[in-house]
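# Residue-level structural notes
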Amino acid sequence: MRHFTDPAFRRTIESLLLSDVRQPGQYIGGELGSVAKDPESSRFHLALAFPDTYTIGMSHFGFQLLYTLINRKEDWICERVFTPLPDMEKALKSRNLPLYSLETFRPLVAFDVLGFSLQYEMSYTNVLTMLDLGQIPLHSSARTKTHPLVIAGGPCVGNPEPMSPFIDLFVIGDGEEALEQVCDFWVETKQNFPSESRRDWLLRIARHFSFVYVPEFYDVSYDASGRALTPKPNLPDVPEIIRPAVVDEIERYVPSLTPIVPLIESVQDRVSLEIMRGCPGRCKFCQSTAIKRPIRTRNVESIAQIAHQSCLNTGMSEVSLLSLSTSDYPHFEELMLRLRELLTPMKVSISVPSLRVNHLLSQTMQCLTTERTGGLTIAPEASRDEMRRRIGKPITNENLLAGCQSAFENGFGRVKMYFMCGLPGETDDDLDGITDLAKEIAHLGKKTSGRFPTVIANVSNFVPKPHTPFERYGMMPPDYFREAHRRLKYVNKDRSFNVKYHELALSLLEGLLSRGDRRVGQIIETVWRNGARLDSWTEHFQNALWDTAITAVILETGINTEQIIHVPYPDDAELPWGHICFVP
Ligand code: SF4
């Protein structure tokens with residue numbers, strides 16, 4: 001059954017938006033840059049789903065890139081859907097109206113494929129909200145042949161197990177080619193084998209693609225302590241190890257030269273452009289570098305032309321150069337010169353959000369003389385050189401101070417630094433060093449420019465992530481972090497800097513969701529049924545709901561969540577994510 005845009009449904013939604021919902025602009029589409037293909041002329045329909053609100057999802061470069069690439073295919077229409085805020089959820093639910101795409105108001109259940117982008121673990125309950133509002137069964141096992149194929153990609157699929165009850169298949173690695181291949185294969189399989197079951201169709205996909213994980217065809221067993229082992233195929237010819245899809249050149253995938261201009265203020269109102277994928281760094285805690293190999297770059301002239309044309313087409317006044325470590329882009333100086341040549345006459349500024357601290361940082365600062373409005377954002381991660389050596393981050397405080405000095409000399413008035421606490425082998429000196437370093441930088445700024453800069457030290461709680469060299473470590477216990485936070489509440493008499501640290505409850509949940517096994521899906525479902533929504537938003541996050549859900553699932557299943565989060569894995573132990581491998 002097909003549901004094309006239904007004018008009556010659209011009118012119902014529009015009247016609902018006018019009467020019952022705040023910020024209705026996020027639910028109506030029609031933005032400059034959005035693609036409105038004729039639903040009758042394209043045969044297949046993909047809904048790209050970002051499991052967070054419009055204001056967050058619209059800032060995501062990869063999401064917009066995939067939207068553009070699929071819409072360039074003749075046979076396919078790609079539309080967008082985001083998580084509604086609680087007032088919209090309530091309004092839809094109370095009238096039994098389905099969640100729909102922004103472009104044609106098509107109910108999610110009427111798409112051929114529904115593709116989630118899993119960027120962070122605390123968005124998992126939003127996936128359930130969207131499936132439920134989309135009138136799609138939460139569990140993969142309950143879906144029929146008429147339901148869309150529900151797929152997921154993104155960095156979180158490095159450990160797909162916690163979300164595996166809800167997702168039909170996970171795509172591991174780069175999405176540019178893989179997404180379209182999986183979509184095409186799905187509709188062709190349905191056409192070619194109409195009498196087969198949905199399970200048969202999924203099995204064909206599992207056997208065909210080496211980068212696809214279909215949880216249904218893998219069984220999980222547990223060791224004597226109750227710990228989950230690596231899932232194993234339960235049918236022949238299903239890959240034991242799933243390897244990533246890798247695109248050779250990101251250059252081939254040109255983003256839209258008219259990126260979508262959000263109708264309401266989004267987190268980043270600017271043209272964002274990925275200039276490099278991967279990072280030459282090998283920091284032992286860093287999942288991003290481990291899952292995005294090898295390094296691939298766009299060339300200077302194509303970056304410059306895309307940026308220039310996008311600003312001309314949208315009127316945006318800022319271009320943000322994205323990569324894990326932008327200053328490691330091999331032609332950084334040439335790129336900045338070319339961009340300035342094209343963008344300065346248009347009064348467009350350039351922002352460089354991820355700079356690596358190294359011996360080149362002070363030169364980079366000289367290169368960024370006109371990009372100082374956003375301040376300098378850097379990630380020293382640890383306060384002492386010795387700890388940095390241990391975690392594989394080969395930078396020194398000497399590099400850092402020289403870079404900051406150069407930034408102050410070039411007019412920067414703000415330095416934001418990211419640190420971690422709870423790293424393996426951490427001592428009190430490492431913690432005290434964070435405040436000492438922040439203070440030293442603040443005073444360096446005062447000495448250089450005559451006034452105190454704004455210096456912020458953001459301290460996160462270290463979670464050993466799958467696929468990193470630290471994956472077998474456990475997270476430090478909650479009491480350790482409480483004591484570390486107490487220590488970080490340094491009495492800063494001259495108020496020259498600020499220290500902020502992440503909420504511990506959220507970090508512990510991130511540990512559970514990123515390191516957990518398939519049983520953690522039951523916790524996600526329970527907490528969602530109990531009312532958890534938009535957990536990555538401080539104003540919506542309710543830790544008590546998670547505590548209750550965890551207790552209930554422990555009683556029911558015997559899962560040991562403390563073990564999942566805190567107990568290290570011996571070198572020879574199987575890992576719950578051992579079937580996923582990011583080495584192509
Ligand atoms: S420099 Fe940054 S992105 Fe690169 S490996 Fe280290 S932490 Fe990861």
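Refer to the structure printed above.
Report follows, based on the coordinates. Because the structure is predicted, anything quoted here is derived from the model rather than measured. (Residues numbered from 1 in each chain as written. Predicted model: local features only at pLDDT ≥ 70, side-chain atom pairs only at ≥ 80, totals over all residues.)

## Section: the overall build of the protein chain
In terms of helices and strands, the protein chain carries 19 helices and 17 strands. Radius of gyration (C-alpha) of the protein chain: 24 Å, near the 25 Å computed for a compact globule of 584 residues. Across the 584 residues of the protein chain, 47% fall into the buried class. Counted over contacts in the protein chain with a minimum sequence separation of 6, partners at least 24 positions apart contribute 76%. (Helix = DSSP H or I, 4+ residues; strand = E, 2+ residues; numbered from the N terminus. Rg over C-alpha atoms; globule rule 2.2 N^0.38 Å. Buried ≥ 20, exposed ≤ 12 C-beta atoms within 10 Å, placed from the backbone. Contact = placed C-beta atoms within 7 Å.)

## With respect to the sheet that holds strand β9 (residues 271-274)
As summarised here, the arrangement of the three strands in space is β9-β12-β13, forming an open sheet in which the pairing is parallel. Each having just a single partner strand, β9 and β13 (349-351) make up the two edges of the open sheet. Each neighbouring strand pair of the sheet contributes to a mean axis angle of 25°, computed without reference to strand direction. Bridge count between strand β12 (residues 318-322) and β13: three bridges; the pairing is parallel. (Pairing = 2+ DSSP bridges. Axes fitted to C-alpha atoms, helices over the stretch in contact; angles between N-to-C directions.)

## With respect to the packing of helix α6 (residues 175-192) against helix α7 (residues 198-208)
What describes two packed helices is the angle between their axes and the distance between those same axes. Taken N-terminus to C-terminus, the directions of α6 and α7 make an angle of 140°; their axes are 10 Å apart at the nearest point. Comparing the axis directions of α6 and α7 gives the class oblique. Judged by the sense of rotation from one axis to the other, the crossing of α6 with α7 is right-handed. Only W201, R204, I205 and H208 of α7 make contact with α6, whose side of the interface consists of V182, F185, W186, T189 and K190. (Parallel < 35°, antiparallel > 145°, perpendicular 65-115°, else oblique. Left-handed = near helix turned anticlockwise from the far one by under 90°.)

## Considering the sheet that holds strand β4 (residues 149-153)
One open sheet holds the six strands; their spatial order is β2-β1-β3-β4-β5-β6, and the pairing between them is mixed. Looking at the sheet topology across the chains shown, the edges are occupied by β2 (76-82) and β6 (212-213). Sheet analysis places strand β1 (residues 44-50) next to β2, joined by seven bridges and oriented parallel. Bridging from a neighbouring strand, L46 pairs with C78 of β2.

## Digging into the packing of helix α5 (residues 124-133) against helix α17 (residues 520-529)
As a packed pair, α5 and α17 sit with axes 9 Å apart at the nearest point and diverge in direction by 65°. Between α5 and α17 lies a crossing of right-handed hand. Residues Y124, T125 and L128 of α5 pack against I524, E525, V527 and W528 of α17. Residue composition of the contact of α5 with α17, grouped by class: five nonpolar, one polar and one charged. (Nonpolar A, V, L, I, M, F, W, Y, C, P; charged D, E, K, R; others polar.)

## Points about the pairing of β2
Burial of β2 is extensive: seven of the seven residues sit out of reach of the surface. Neither face of β2 is left uncovered, since the one carrying W76, C78, R80 and F82 and the one carrying I77, E79 and V81 both have all their residues buried.

## Section: unusual backbone geometry
The omega torsion of the bond from R293 to P294 falls at -5°, within 30 degrees of zero and hence cis. Within the fold, P294 resides in the loop between α8 (287-291) and β11 (296-297). The backbone of Q23 sits at a positive phi, close to 45°, despite the residue not being glycine. With respect to the secondary-structure elements, Q23 resides in the loop between α1 (7-20) and β1.

## Considering the nonpolar core
One broad rule of soluble globular proteins: the nonpolar side chains tend to lie buried together. Within the largest apolar cluster, 154 residues are counted, with the highest numbers of intra-cluster contacts made by V171, V182, I205, V212, A307 and V319. Residues contacting A307, with those up to four places away along its chain left out, are V271, L273, V319, L339 and L343. (Core = buried A, V, L, I, M, F, W, Y, C linked by C-beta atoms within 7 Å.)

## Describing helix α3 (residues 61-71)
Here α3 lies mainly inside the structure; ten of its eleven residues are buried. If you check which residues of α3 are buried, you get G62, F63, Q64, L65, L66, Y67, T68, L69, I70 and N71. Buried residues along α3 sit against β1, α2 (54-57), β2, β3 (113-117) and α6.

## Quick word on the site of the ligand
The environment of the ligand is formed by eleven residues, the closest being C279, G281, C283, C286 and T289. Here the residues of the shell around the ligand are counted per class, giving four nonpolar, four polar and three charged. (Near = placed C-beta within 6 Å.)

## What to know about the environment of R389
Along the polypeptide, R389 turns up in helix α12 (residues 385-390). By C-beta crowding, R389 is classed as partly exposed, having 13 other C-beta atoms within 10 Å. Considered as a pair, R389 and K292 are 97 residues apart in the sequence and their alpha carbons are 22 Å apart.

## Overview of the environment of V171
Take V171: it is sitting in strand β5 (residues 169-171). Apart from the residues lying within four places of it in its own chain, the contact partners of V171 are I151, G153, A178, L179, V182, F211, V212 and A245.

## Quick word on the environment of R519
Looking at where R519 falls in the secondary structure, it is placed in the loop between α16 (504-515) and α17. Measuring from C-alpha to C-alpha, the distance between R519 and I559 comes to 7.2 Å, with 40 residues separating the pair along the chain. Apart from residues no more than four positions distant in its own chain, R519 is found in contact with T557 and I559.

Distances and angles like these do not, on their own, reveal function.
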